[in-house]
Amino acid sequence: VGRVLRWSTVIQETVRQGELEIHGGIYDITTGKVTFLGQHPRQRELLDIARSVTVRTGADAPMPAPEALLRLQKGNSRYVIGDVDHKIVDTKV
């Protein structure tokens, strides 16, 4: 649920506008029952964070290779140590 709230702009906007609610659930494969967990406890925070994250696309101007490699290495380092929720957002991206 957290990943969807962070990365899907379409879902973010529909949740913000009150047109959609996202609730987590656990499916028990042995019984076929679903236990609903409700909304993400940090939903509001995740939606606020999502507004500040800039994503590069193919429509963006090319970035010099050394700069791109450095950004990739920094991102991978954060991922390896488990710091995936604290993105470094650069307005020059």
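No experiment lies behind these values; they were computed from the predicted model shown.

Quick notes on the rules
- Residues numbered from 1 in each chain as written.
- Predicted model: local features only at pLDDT ≥ 70, side-chain atom pairs only at ≥ 80, totals over all residues.
- Heavy atoms only, no water.
- Helix = DSSP H or I, 4+ residues; strand = E, 2+ residues; numbered from the N terminus.
- Expected span 1.5 Å × (residues − 1).
- Salt bridge = Lys/Arg side-chain N within 4 Å of Asp/Glu carboxyl O.
- Buried < 20%, exposed > 50% of the residue type's maximum accessible area, 1.4 Å probe, protein only.
- Patch = residues over 30% accessible without salt bridge, like charges linked within 9 Å, V, L, I, M, F, W, Y side chains within 5 Å.
- Areas by Shrake-Rupley, 256 points an atom, 1.4 Å probe, with all protein chains shown as cover.
- Core = buried A, V, L, I, M, F, W, Y, C linked by side-chain atoms within 4.5 Å.
- Contact = heavy atoms within 4.5 Å.
- Pairing = 2+ DSSP bridges.

Further remarks concern helix H4 (residues 65-80). Given 3.6 residues per turn, any residue in an α-helix points the same way as the ones three and four places further on. The terminal C-alpha atoms of H4, which comprises 16 residues, lie 22 Å apart, in line with the 22 Å expected from a rise of 1.5 Å per residue. Immediately beyond the C-terminal end of H4, within one or two residues, lies Gly82, with a positive phi of roughly 90°.

Time to look at the pattern of salt bridges. Tallied over the entire structure, the rule returns 3 salt bridges. Measuring nitrogen to oxygen at the nearest pair gives 2.6 Å for the salt bridge that ties Glu13 to Arg16. A residue pair is termed a helical-turn pair when its members lie 3 or 4 positions apart in one helix, as Glu13 and Arg16 do in helix H2 (residues 9-16) at 3 residues. According to the relative accessible area criterion, Glu13 is partly exposed, its value standing at 38%. The residue Glu67 makes a salt bridge to Arg71 at a minimum N-O spacing of 2.9 Å. Note that Glu67 and Arg71 are positioned in helix H4 at a spacing of 4 residues, about one turn of the helix. Overall, Glu67 belongs to the partly exposed group, its relative accessible area being 34%.

A cluster of nonpolar residues, Tyr27, Ile29, Val34 and Phe36, forms a patch on the protein surface that exposes about 510 Å² of accessible area. Inspection of the secondary structure assignment puts Phe36 in strand E2 (residues 34-38).

Moving on: the nonpolar core. Listed in full, the 5 residues of the largest apolar core are Leu5, Val15, Ile22, Leu46 and Leu47. The residues contacting Ile22, other than those within four sequence positions of it, are Val1, Val4, Leu5, Ile11, Val15, Gly38, Gln39, His40 and Gln43.

Looking now at the pairing of E2. When strand E1 (residues 24-27) meets E2, the two strands line up antiparallel, connected through 4 bridges. Paired with Gly24 across the two strands is Gly38, which belongs to E2. Between E1 and the antiparallel strand that follows it, E2, lie 6 residues; Gly32 among them carries a positive phi value of about 80°.

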